[in-house]
Amino acid sequence: MQLTLEFGGGLELLCDSKKIHNVNIEQHNGEDKLSMKDLLSWIRTNLIKERPEMFMKGDTVRPGVLVLVNDCDWELSGQLNTSLEEKDVVVFISTLHGG
């Protein structure tokens, strides 16, 4: 499944300072749907290069990370249970900044 992942608000620093990632994720067990929970696990394993604890807490994103799926807040679409489809755009933005 091809997806576009975007990281902002400082989260890009955890992914080699690259903001946009066009990825192809292979689903296991012949499933044709990918959930956000599956995607987050994939991101932790394949994209996060350092300090994964700054992005994730347990199986989900840390508090203060805004997640948008096709410009819609994931809290409106089921959070970890949100189903992703081919060519979806998923954006992660940290709302926490030092000062």
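Under an unreviewed UniProt entry, the name given to the protein chain is Ubiquitin-related modifier 1 homolog, and the source organism is Cajanus cajan. Entered under Pathway (unreviewed entry) in the UniProt record, the comment concerning the protein chain runs "tRNA modification; 5-methoxycarbonylmethyl-2-thiouridine-tRNA biosynthesis." Recorded in UniProt for the protein chain, the comment headed Subcellular location (unreviewed entry) runs: "Cytoplasm".

Student: How should I be thinking about unusual backbone geometry in this particular structure?
Tutor: With the exception of glycine, the majority of residues adopt a negative phi angle, and the majority of peptide bonds are in the trans configuration. Non-glycine residue D16 carries a positive phi angle of around 60 degrees. Secondary-structure assignment places D16 in the loop between β1 (2-8) and β2 (20-24). Judged by relative accessible area, D16 falls into the exposed class, the value being 56%. In the Ramachandran plot, D71 falls in the positive-phi region, its phi being about 65 degrees despite a non-glycine side chain. Here D71 is to be found in the loop between β6 (65-69) and β7 (72-73). D71 sits in the exposed class, given a relative accessible area of 71%.

Student: Mind showing me how you'd approach the side chain of T4 here?
Tutor: When you line up the elements, T4 lands in strand β1. When its relative accessible area of 19% is taken as the criterion, T4 is described as buried. Within the structure, the side chain of T4 is placed 3.0 Å from the side chain of N22, a separation counted as a polar contact. Setting aside anything within four residues of it in sequence, one finds T4 in contact with I20, H21, N22, D88, V89 and V90.

Student: I'm lost on the sheet that holds β1 in this one. Help?
Tutor: Two modes of strand pairing occur in sheets, parallel and antiparallel, and in both the strands are linked by backbone hydrogen bonds. Taking strand neighbours across the sheet as the criterion, the five strands line up as β2-β1-β9-β6-β7 in an open arrangement whose pairing is mixed. Either end of the sheet is taken by a strand with one partner, and the two such strands are β2 and β7. Pairing analysis gives two bridges linking β6 to β7, with the strands arranged antiparallel. Bridge pairing links V69 to C72 in β7.

About the thresholds
- Residues numbered from 1 in each chain as written.
- Predicted model: local features only at pLDDT ≥ 70, side-chain atom pairs only at ≥ 80, totals over all residues.
- Heavy atoms only, no water.
- UniProt positions renumbered as here; feature names shortened; annotations may be inferred.
- Helix = DSSP H or I, 4+ residues; strand = E, 2+ residues; numbered from the N terminus.
- Buried < 20%, exposed > 50% of the residue type's maximum accessible area, 1.4 Å probe, protein only.
- Polar contact = N/O pair within 3.5 Å; in protein donor to acceptor, adjacent residues only side chain to side chain.
- Contact = heavy atoms within 4.5 Å.
- Pairing = 2+ DSSP bridges.

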